[in-house]
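One letter stands for each residue in the lines below.
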Amino acid sequence: MHVLVPVKRVVDYNVRVRVRSDGSGVDTTGLKMSLNPFDEVAVEQAVRLRQAGQASRVTVVGCGAPLTQDVLRTALAMGADAAILLEPGAGECDGPALVEALSVLVQREGVDLVLCGKQAIDDDLGDTAPMLAALLDWPQAMSVNQLALEDGGLRVHCDGDQGLEQWRLPLPAVLGVDLRLCDPRAISLPNMMKAKKATITTLSLAELAGDRAARFRITGCATPPARAAGVRVEGLTQLLEHLRALPALGASA
Amino acid sequence: MTTLVIAEHDGSQLDPSTLNLLGAALQIGDPVHLLVLGMGCAAVAQAAACLAGVSQVLLADDPQWGTPSAETLALQIVALMPGCDTLLAAHRVLHRGALPRAAARLRAAYLSDVVAIESGHRFVRPLYAGSVLASVETQADKTLLTLRPAGFATAAGTQAACPVVTLVSVGADVRSQLKSRESMDSDRPDLSRARVVVAAGRGVGAREHMALVERLADHLGGAVGASRAAVDAGFAPNAIQVGQTGKTVAPDVYFAFGISGAIQHLAGIKDAGVIVAVNKDPDAPIFSVADVGLVGDLFEALPALTAGLTGQSKTA
Ligand SMILES: Cc1cc2nc3c(=O)[nH]c(=O)nc-3n(C[C@H](O)[C@H](O)[C@H](O)COP(=O)(O)OP(=O)(O)OC[C@H]3O[C@@H](n4cnc5c(N)ncnc54)[C@H](O)[C@@H]3O)c2cc1C
Ligand SMILES: Nc1ncnc2c1ncn2[C@@H]1O[C@H](COP(=O)(O)O)[C@@H](O)[C@H]1O
C-alpha cells in the first residue's frame, strides 16, 4: 500500500500573525514557519503503517515556494520515503489546482491511501481532503482520530456532530486527520542530517493541473475587534457580586 | 436564482439555528428554499414552510438521512444545485465533509465558517484561528458555504405555508459504513447553543474533578466544555472540545476554569457574551479576553459559585 501525505508549510501555531497596515493581507515575513501540525500527525501515522508492514511506501508532497522543502525534509527525517515539491509558479499554492494536481499524482504513483491534515492552520478551510476524494471518487473520512487496517479496508474513529463515530471504509480512500490520531516522534539528529541530503523531486503545478483558476480570492484582511478590557475581581465575594448582576445568571433585568 | 438552506432539525422539530441560517440566506436577496433531509420529518417540513421568507421547502424523507455519510449528502447536493446559486449550511462535521466534496464536483466555490455575508459573492471568514478576518470574493458560478449560525440574526415571523416539494432522494453511497455512533446521553443543553457554558482546562487535574464543573453547569442549566488539553488528558470527551479544531460556542456567559487561553481555544469563544476566567496564574492569557477575571484556585471557586449563584431550570 502506497500512502501519500500532502504537507503544507504554515506559520507556526505559536506565532501570532499581523495584518498588513493597508489590509491587503497577512504579513508573514520573518515569522517562524513549520509543518502544519495536522500534517505532522499524518506523516507520523503513515510512517507507523509502513513500519508495521501495512504500508509499503510513504510519499510526501508539498506545494509552495522553494522553502517548502524545509517541511518536506522534516517529513523525510520522520521516515517518509520520498518527497515531491509542487511549484506553483506565479499562481496559488492551494485551491482547485492543488487538488487536481494531487489527484493526478495519486493515479500516477499508484497511491492507495491519502492522509491529509483535517485543516491547514492558516486558512482553516479543511477542503482539500474532501475535494480530492471527490475528484478521485473515493470514500472519505474527516477528523480521524484513530485508524486501523482491517480486512483490506479501514476502520476509523472520527469526531462526529454528536460525538465519536466509527466508520468502515474500503480502500482506496482519502482521510483528513485530527491531532489526536497519534503523537509525532522527535526527530533524531542523524535522521535530520540524512534528510538534508535526500533528493526532492520537483514538479510544476501547472503541468500537472493545467490551468485551474481559483474559485475565490481574498480581497482584504482585518484584525477582529479586540474585546473591551474586563475587570479583575478580588476574591470570591466580589466574583459572586459581579456574576449575580448578569441577566443570564438570573439577575432580574 | 435561488439560495438553498439545509434546515437543522432533530426529526420532529426545527432547531432554532435554522432561523439564523434563514436570516443569513435572506441577506443575499435571492428567493430562499429550505432543504429538509430526514426520516419521518414531514412535520418539520410543514413548520419550515410557515417561516416568513421561505418560498419553497424541499423535503427528502428517507431512512438514509437518519445517519447520512458525507459522500451521500454530497451526491444529494450535486443533484440539487442546478437549481440554485448558493447553498448555506451550519458549520458542522457532516457539512464540512459534504459541501467541499460537492463543490469539487460542481466546480463551485466552497467557503467554511463564514461569519458575515456582504452579498451573494462577498463573504467574511476567519483565518489563523480567528486572529484575522478575511473578506472573500467568489469567482465561480455557484457557492457552497458553511456558516456559524450564532453569528447571524434570526429571521422572524410566519407566513401562510409555501409549497412543500417532495424529492426523490439520491441513491446512497454505501462504500463508507457507519459502525457506531456515540450519542450525547446528557440532558444538558447542546454546547453550541447553550446560554451558559462552564468549561474546564488542564487545570482541573483529573477526570473525577470534572464533577465539580458539571455540578455548576447543571446548577446554571448550562453545557460543559473543555480545552483540548483537558480532552487529551482524558478529563473530558472529544465532543465537548471548544476552539479552532473543536466547537464554536456563543453563550451569554462562558466560564473558563483552569484554561490558559491559547489562541486556538479563544477561537471558539469569540462570540461569547461575558467571559469569566478563574486561573491561578495572574499572567494567563485568558485574562486578556476575560470580562470578569479572578486569580485564584478553581477548586475553591467552583463550589462557591454553585452554592452562591441562583439555580436555573434545565430547559433554559
Ligand atoms: C493545530 C492546533 C489546534 C488546536 N486546537 C485547539 C482547540 O480547538 N481547543 C483548545 O482548547 N486547544 C487547542 N489547541 C491546543 C492549545 O494550543 C493549548 O495547548 C490548549 O488550549 C491548552 O489547554 P489548557 O488551557 O487547558 O491547558 P494549559 O495551557 O496547560 O493551561 C492550564 C491552566 O490551568 C491553570 N491552573 C492549573 N491549576 C489550577 C487551579 N487549581 N486553579 C485555577 N487554575 C489552575 C494554569 O495556571 C494554566 O493557565 C490546539 C493546538 C494546535 C497546535
Ligand atoms: N499547499 C499545500 N501543499 C500540500 N498540501 C496541502 C497544501 N494545502 C493544503 N494541503 C493539505 O490539505 C490539508 C487541509 O488543508 P486546507 O484544506 O487548506 O485546510 C492540509 O492539512 C494538507 O494535508
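Everything below is about the structure shown above.
Cut-offs used in this document
Residues numbered from 1 in each chain as written. Chains lettered and ligands numbered in written order. Predicted model: local features only at pLDDT ≥ 70, side-chain atom pairs only at ≥ 80, totals over all residues. Heavy atoms only, no water. Helix = DSSP H or I, 4+ residues; strand = E, 2+ residues; numbered from the N terminus. Contact = heavy atoms within 4.5 Å. Areas by Shrake-Rupley, 256 points an atom, 1.4 Å probe, with all protein chains shown as cover. Lys, Arg positive; Asp, Glu negative; His and termini not counted. Charge placed at Lys NZ, Arg CZ, Asp CG, Glu CD. Near = heavy atom within 4 Å. Polar contact = N/O pair within 3.5 Å; in protein donor to acceptor, adjacent residues only side chain to side chain. Nonpolar A, V, L, I, M, F, W, Y, C, P; charged D, E, K, R; others polar. Buried area = accessible area lost by both parts, 1.4 Å probe. Salt bridge = Lys/Arg side-chain N within 4 Å of Asp/Glu carboxyl O. Pairing = 2+ DSSP bridges. Buried < 20%, exposed > 50% of the residue type's maximum accessible area, 1.4 Å probe, protein only. Phe/Tyr/Trp six-rings, centres within 6.5 Å; stacked < 30°, edge-to-face > 60°. Axes fitted to C-alpha atoms, helices over the stretch in contact; angles between N-to-C directions. Parallel < 35°, antiparallel > 145°, perpendicular 65-115°, else oblique. Left-handed = near helix turned anticlockwise from the far one by under 90°.

Colleague: I keep staring at the overall build of chain A and nothing clicks. Help me out?
Modeller: If you tally the helices and strands in chain A, you get seven helices and 15 strands. Counting only C-alpha atoms, chain A reaches 65 × 50 × 40 Å along its principal axes. Taking as baseline every contact in chain A between residues at least 6 positions apart, the subset at least 24 positions apart corresponds to 69%. Within the structure as shown, chain A displays about 11000 Å² of accessible surface, and the carbon and sulfur contribution to it stands at 50%. With 25 positive and 30 negative side-chain charges, chain A shows a spacing of 5 Å between the two charge centroids.

Colleague: Please explain the site of ligand 2 as it appears in this structure.
Modeller: Residues and elements named next belong to chain A. Among the 19 residues in the neighbourhood of ligand 2, the closest are listed as Pro 6, Asp 39, Ala 120, Gly 126 and Thr 128. The separation between an oxygen atom of ligand 2 and a polar main-chain atom of Pro 6 is 2.7 Å. Coverage of ligand 2 by the protein amounts to 99% of the 480 Å² it exposes when considered alone. Looking at the shell around ligand 2, the elements with two or more residues in it are β6 (57–63) and β8 (113–117). A breakdown of the residues in the shell around ligand 2 according to their chemical character gives nine nonpolar, six polar and four charged.

Colleague: Would you take a moment to explain the site of ligand 1 for this structure?
Modeller: As a structural note, the neighbourhood of ligand 1 is formed by 30 residues, with Arg 202, Ser 227, Thr 245, Ser 260 and Asn 279 of chain B the closest of them. Between ligand 1 and Thr 245 of chain B, the relevant distance is 2.7 Å, taken from a nitrogen atom to a side-chain nitrogen or oxygen of the residue. Taking Gly 258 of chain B, its main chain carries an N or O atom lying 3.0 Å from an oxygen atom of ligand 1. Expressed as a share of its isolated accessible area of 990 Å², the protein-covered part of ligand 1 is 85%. Those elements giving two or more residues to the shell around ligand 1 turn out to be α1 (37–51) of chain A together with α6 (228–232), α7 (263–266) and α8 (298–308) of chain B.

Colleague: Looking at this structure, how should I read the interface of chain A and chain B?
Modeller: When the parts of a complex come together, some accessible area is lost, and that lost area is often used as the size of the interface. Every contact between the two is made by 74 residues of chain A and, on the other side, 87 residues of chain B. Summed over both partners, the interface of chain A with chain B comes to about 6800 Å²; 54% of that surface belongs to carbon and sulfur atoms. Interface area lost by chain A to chain B is led by Arg 180, Arg 215 and Arg 227 of chain A, which between them contribute 12%. Where chain A packs against chain B, one counts nine salt bridges. Here Glu 165 of chain A and Arg 181 of chain B are joined by a salt bridge, their closest N and O atoms 3.0 Å apart. Linking chain A with chain B are 45 residue pairs in polar contact (both at pLDDT 80 or more). Mapped onto the side of chain A that touches chain B, the elements with two or more residues apiece are α4 (128–136), β9 (140–150), β10 (153–159), β11 (164–170), β14 (216–222), β15 (231–233) and α7 (235–244) of chain A. The residue makeup of the side of chain A that touches chain B, split by class, is 37 nonpolar, 16 polar and 21 charged. Here β14 of chain A runs beside strand β8 (residues 132–138) of chain B; their pairing, made up of six bridges, is antiparallel. Across the sheet, residue Cys 221 of chain A finds its bridge partner in β8 of chain B, namely Ala 134 of chain B.

Colleague: Just checking my understanding: could you explain the sheet that holds strand β6 (residues 116–117) of chain B for this structure?
Modeller: Pairing is antiparallel in the open sheet, where four strands are placed in the order β14(A)-β8(B)-β7(B)-β6(B). The outermost strands of the open sheet, each flanked by one partner alone, are β14 of chain A together with β6 of chain B.

Colleague: Explain the environment of Ala 42 of chain A here, please?
Modeller: All names here are of chain A. Looking at where Ala 42 falls in the secondary structure, it is placed in helix α1. Classification of Ala 42 by relative accessible area gives buried; the value is 0%. Remark: the alpha-carbon pair of Ala 42 and Gly 117, spanning 75 residues in sequence, is separated by 6.3 Å. Leaving out residues up to four positions away in the same chain, Ala 42 has contacts with Val 5, Leu 115, Cys 116 and Val 177.

Colleague: Even after reading the chapter, I still don't get the pattern of salt bridges, so can you show me in this structure?
Modeller: Any two side chains of opposite charge can pair if their charged atoms end up close together. Throughout the structure, instances matching the rule amount to 31 salt bridges over all chains. Where Arg 180 of chain A meets Asp 178 of chain A, a salt bridge forms, and the shortest distance between an N and an O atom there is 3.5 Å. When the shortest N-O distance is used, the salt bridge between Asp 173 of chain B and Arg 175 of chain B registers 2.8 Å. Residue class for Asp 173 of chain B comes out buried when judged on its relative accessible area of 12%. When its relative accessible area of 29% is taken as the criterion, Arg 175 of chain B is described as partly exposed. Each of Lys 118, Asp 178 and Arg 180 of chain A together with Arg 228 and Asp 232 of chain B takes part in one network of salt bridges that share partners.

Colleague: What is the right way to read the packing of aromatic side chains from this model?
Modeller: How two aromatic rings sit relative to each other is given by the distance of their centres and the angle of their planes. All names here are of chain B. Within the structure shown, the criterion is met by one aromatic pair over all chains. Between Phe 255 and Phe 257, the ring centres sit 5.9 Å apart and the planes meet at 5°, which makes this aromatic pair stacked. Since its relative accessible area comes to 0%, Phe 255 is described here as buried. Judged by relative accessible area, which is 0%, Phe 257 ranks as buried.

Colleague: Can you walk me through the sheet that holds β6 of chain A in this structure?
Modeller: Strands pair in a sheet through their backbones, by hydrogen bonds, and they do so in one of two ways: parallel or antiparallel. Pairing is mixed in the open sheet, where ten strands are placed in the order β13(A)-β7(A)-β6(A)-β1(A)-β8(A)-β12(A)-β9(A)-β10(A)-β11(A)-β11(B). Because the sheet does not close on itself, it has two edges, and the strands there are β13 (200–204) of chain A together with β11 (177–181) of chain B. Averaged over neighbouring strand pairs, the angle between their axes works out to 30° when direction is ignored. Bridge count for β9 of chain A against β10 of chain A is six bridges, and the pairing is antiparallel. In the sheet register, Val 144 of chain A faces β10 of chain A, and the bridge partner there is Cys 158 of chain A. Along the sheet face, α1 of chain A touches β1 (2–6), β6, β8, β9 and β12 (173–177) of chain A and points at about 150° away from the line of β8 of chain A.

Colleague: Can you help me understand the packing of α7 of chain A against α8 of chain B in this one?
Modeller: Across the interface, α7 of chain A lies against α8 of chain B with an axial gap of 11 Å and an inter-helix angle of 45°. Considered as vectors, α7 of chain A and α8 of chain B are oriented oblique to each other. The element α7 of chain A and its partner α8 of chain B pack so that their crossing is right-handed. Of the residues in α8 of chain B, those touching α7 of chain A at Leu 236, Leu 239, Leu 240, Leu 243 and Arg 244 of chain A are Glu 300, Ala 301, Ala 304, Leu 305 and Gly 308 of chain B.

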